[in-house]
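Next come the chains, spelled out residue by residue.
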Amino acid sequence: MDDEINGYLDKINKDLGYYWWKRYIYSAFWSNISTPINLSIVVLTALTTGQSATDNLISKELSTILGSVTLFVSIFNSYFKPHEQLMLNQDILQKWALL
């Protein structure tokens, strides 16, 4: 009887550990993606806005390239929503930790 109970406890501990680490890794991934994407959008937008305002900050060709890159990074940010993914995974991680 004790062996059976210990088997169940080991199974529960392994399952809880697996799902907790799974969410921990997901949270770490989205954390490392979310901040650089948002920062790059801010910096690229500031550069293109500065070019529009001064007309001599960067070249027109570079401004066009930066505008295109900003568009694609913004689309990626809107589609994958890394900040929301991070918050969702951290919430699930906290729920697993409370079990």
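Coordinates for the structure precede this section.
Bear in mind the structure is a predicted one, so any value in this text is a computation, not a measurement.

Along its length, the chain carries three helices and zero strands. Helices and strands appear in the chain in the N-to-C order α-α-α. Overall, the chain is about 80 × 20 × 15 Å in size when its C-alpha atoms are taken along their principal axes. A buried classification covers 18% of the 99 residues belonging to the chain. Of the contacts made within the chain by residues no fewer than 6 positions apart, 75% connect residues no fewer than 24 positions apart. Surface accessibility of the chain: about 7,500 Å² in total, with carbon and sulfur atoms responsible for 65%. Computing the positive centroid from 7 side-chain charges and the negative centroid from 9, the chain places the two 7 Å apart.

Moving on: helix H3 (residues 82–98). An α-helix turns once every 3.6 residues. As a result, residues three or four positions apart point the same way. With 17 residues, H3 ought to run about 24 Å at 1.5 Å a step, and its terminal C-alpha atoms sit 24 Å apart, in line with that. Considered for burial, the residues of H3 that qualify are Pro82, Leu86, Asn89 and Leu93. Projected down its long axis, H3 shows its buried positions confined to an angular sector of 75°, all on one face. The exposed residues of H3 that point more than 90 degrees off its buried face are Glu84, Gln94, Lys95 and Leu98.

Analysis parameters
Residues numbered from 1 in each chain as written. Predicted model: local features only at pLDDT ≥ 70, side-chain atom pairs only at ≥ 80, totals over all residues. Heavy atoms only, no water. Helix = DSSP H or I, 4+ residues; strand = E, 2+ residues; numbered from the N terminus. Buried < 20%, exposed > 50% of the residue type's maximum accessible area, 1.4 Å probe, protein only. Contact = heavy atoms within 4.5 Å. Areas by Shrake-Rupley, 256 points an atom, 1.4 Å probe, with all protein chains shown as cover. Lys, Arg positive; Asp, Glu negative; His and termini not counted. Charge placed at Lys NZ, Arg CZ, Asp CG, Glu CD. Expected span 1.5 Å × (residues − 1). Arc of directions from axis to C-beta.

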